[in-house]
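# Chains, contacts and geometry: an overview
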Protein chains: 2
Amino acid sequence: MPTGYVSEAVIRRLPSYYRHLGVLAREGVAQISSQELGNRMQLTASQIRQDINCFGGFGRQGYGYHVQSLREHIGHILGVDQVHQMIIVGSGNIGRAVARSDSFRSDGFQTIALFDCDPEKIGKNVDGLIVQDLESLQGFLKTNKVDIAVIAVPLVSAQTIVNNLLSYGVKGFWNFAPVDLQLPDDASVVNVHLDEGLEILSFRLLQQQ
Amino acid sequence: MPTGYVSEAVIRRLPSYYRHLGVLAREGVAQISSQELGNRMQLTASQIRQDINCFGGFGRQGYGYHVQSLREHIGHILGVDQVHQMIIVGSGNIGRAVARSDSFRSDGFQTIALFDCDPEKIGKNVDGLIVQDLESLQGFLKTNKVDIAVIAVPLVSAQTIVNNLLSYGVKGFWNFAPVDLQLPDDASVVNVHLDEGLEILSFRLLQQQ
């Protein structure tokens, strides 16, 4: 990996680069200057040059960046040129929305199973996936490689389910439960605390009054 | 507002304080020390004391914090003790998941309408809300106060819809579209770029291999 020296701030901007370069590619733009890319991303040209130098120094003075190669390079750093097998635990509103979303599939995130413990939900078809009984999770993990588990269960059961998944070697957690998961150092979590975003928005609106 | 001097980092932690204090209150805990609260929040006791001093200095040496009052105080700073009228634009997977979620309601976020431009979706009932034709949005905004618009539409239409909402005085945007919205200084946005979170998770998993 050529990314050992990339700072946390740059890492957090990588998906935004990847997204903007994707839009440019779809618009048919082949080359872009740091100035133009900066305008689109609300960053300065010098920030763009610094960031891109960080992960390998594409582009030539006066020519700008080649949109498609830079996008592929960033996609490779992010690992979205690989397949990630994903399961969803919890087939409530969020679990179903993730299962039905097709925006992740193009980036190699494949949902291979959906679990719930509610008898009314087990057996239902959600966009081609049959909701499986949570009781069968362990058996499933024994015979399938799971890279990422989407945690879309209530607060109270999240950590127990995560512990179970950890014991079967799952290392990646996309957590929608309103709880800070306890994880070992070799596992990773990205939290989507929807309520918290809305609370921050409420705070900002108050400040503007 | 007593919060003019609260730093951005503290602001971003406020929802987490609010959430943890809510859990403590439900567990029946009346008082908590900075040490214990720190353990739960994975912060140091001194960080907790510093943060809480920032927004008004609750608690007494040796007694700890009164859970319920501190939670109410933080809720007041966040503005979640007020009612926020919310509309959802886009009744796809995300729009419907937000409409069906009941976790925001208790914090004063009330979804009062849901719009879409797809004739197959217009008229459908989503958890008690009838999906309205996007064409009727302007008329709705003339007669209803809307604090927050949830943007759950495809990338290409997001900015146009936001411009329309801005012209009718909507100032708060909870944006799920994969685009950086252009907003005037007196409007606020909180982005939920789901794809980007998943890409960061993929990156972290690669780093751990």
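Scroll up to find the structure.
These notes cover the structure that comes with them. From a predicted model like this one, the values you see are computed outputs, not experimental measurements.

## Brief notes about the sheet that holds strand β8 (residues 172-175) of chain B
Residue and element names in this part refer to chain B.
- As summarised here, the arrangement of the seven strands in space is β5-β6-β4-β3-β7-β8-β9, forming an open sheet in which the pairing is mixed. What marks the edges here is a single partner per strand, and that holds for β5 (125-126) and β9 (188-191).
- Together, β3 (84-89), β4 (109-116), β5, β6 (129-133), β7 (148-151) and β8 form the strand contacts of helix α5 (residues 93-100), whose direction differs from that of β3 by roughly 150 degrees.

## Things to note about the pairing of strand β3 (residues 84-89) of chain A
All names here are of chain A.
- Of all six residues in β3, five are buried, a share of seventy percent or more.
- Looking at chain direction, β3 and strand β4 (residues 109-116) are connected through six bridges and run parallel. Opposite Q85, over in β4, you have Q110 as the bridge partner.
- Traced from β3 through helix α5 (residues 93-100) to β4, the parallel crossover comes out right-handed.

## Some words on the sheet that holds strand β6 (residues 129-133) of chain A
- Pairing within the open sheet is mixed, and its seven strands lie in the order β5-β6-β4-β3-β7-β8-β9 (chain A). On the outer flanks of this sheet lie β5 (125-126) and β9 (188-191) of chain A, each paired with one strand and no other.

## So, empty space enclosed by the protein
- Overall, the coordinates contain three cavities of 30 Å³ or more when judged by the stated rule.
- There is about 40 Å³ of room inside the largest cavity.
- As for the largest cavity, its lining consists of N93(A), R96(A), A97(A), R100(A), N93(B), R96(B), A97(B) and R100(B).
- Looking at the lining of the largest cavity, the elements that each hand over two or more residues are α5 of chain A together with α5 of chain B.
- Of the residues belonging to the lining of the largest cavity, the class tally is two nonpolar, two polar and four charged.

## Digging into the relation of the copies chain A and chain B
- Superposition of chain A onto chain B requires a rotation of 180 degrees combined with a translation of 0.0 Å along the rotation axis, giving an RMSD of 0.0 Å. The superposition operator between the copies reduces to a two-fold rotation axis. For chain A, the residue whose C-alpha comes nearest the rotation axis is A97(A), separated from it by 3.2 Å.
- The share of interface residues of chain A whose copies in chain B are also at the interface is 100%, consistent with both copies meeting through the same surface.

## With respect to the packing of aromatic side chains
- In the structure shown here, the tally under the stated rule is six aromatic pairs over all chains.
- Here W174(A) and F176(A) contribute two aromatic rings whose centre-to-centre distance is 5.0 Å and whose plane-to-plane angle is 70 degrees, an arrangement assigned as edge-to-face.
- With a centroid separation of 5.4 Å and an interplanar angle of 90 degrees, the aromatic rings of F104(B) and W174(B) are classed as edge-to-face. In this pair, F104(B) sits in the loop between α5 and β4 while W174(B) sits in strand β8, placing the two residues 70 residues apart along the sequence. Like W174(B), F104(B) is buried.
- Each residue in the set F104(A), W174(A) and F176(A) is aromatic and connected to the rest through ring pairs, giving one cluster.
- Here R71(A) stacks its cationic end above the ring of Y18(A), 4.2 Å away from the centre of that ring.

## Overview of the side chain of D107(B)
- Mapped onto the fold, D107(B) is located in the loop between α5 and β4.
- No salt bridge is formed by the buried D107(B); the nearest opposite charge belongs to R71(B), separated by 4.7 Å.
- Only 3.2 Å separates the side chain of D107(B) from the side chain of Y18(B), close enough to count as a polar contact.
- Leave out the neighbours within four places in its chain, and D107(B) touches E199(A), Y18(B), V80(B) and Q82(B).

## A closer look at the environment of S69(B)
All names here are of chain B.
- Relative to the helices and strands, S69 resides in helix α4 (residues 67-78).
- Residue class for S69 comes out partly exposed when judged on its relative accessible area of 26%.
- Taking the C-alpha atoms as reference, S69 lies 39 Å from N125; in sequence the two are 56 residues apart.
- A distance of 2.4 Å separates polar atoms of two side chains, one belonging to S69 and the other to H66.

Cut-offs used in this document
Residues numbered from 1 in each chain as written. Chains lettered and ligands numbered in written order. Predicted model: local features only at pLDDT ≥ 70, side-chain atom pairs only at ≥ 80, totals over all residues. Heavy atoms only, no water. Pairing = 2+ DSSP bridges. Helix = DSSP H or I, 4+ residues; strand = E, 2+ residues; numbered from the N terminus. Contact = heavy atoms within 4.5 Å. Axes fitted to C-alpha atoms, helices over the stretch in contact; angles between N-to-C directions. Buried < 20%, exposed > 50% of the residue type's maximum accessible area, 1.4 Å probe, protein only. Right-handed = clockwise from strand over helix to strand, strands pointing away. 1 Å grid on protein atoms, 1.4 Å probe; cavity = no way out; pocket = protein on both sides within 12 Å on 5 of 7 lines; lining within 4 Å. Points joined across faces, edges and corners; volume = space filled by probe spheres on them. Nonpolar A, V, L, I, M, F, W, Y, C, P; charged D, E, K, R; others polar. Least-squares fit on C-alpha atoms with pLDDT ≥ 70 in both. Phe/Tyr/Trp six-rings, centres within 6.5 Å; stacked < 30°, edge-to-face > 60°. Lys NZ or Arg CZ within 6 Å of the ring centre and 35° of its normal. Lys, Arg positive; Asp, Glu negative; His and termini not counted. Salt bridge = Lys/Arg side-chain N within 4 Å of Asp/Glu carboxyl O. Polar contact = N/O pair within 3.5 Å; in protein donor to acceptor, adjacent residues only side chain to side chain.

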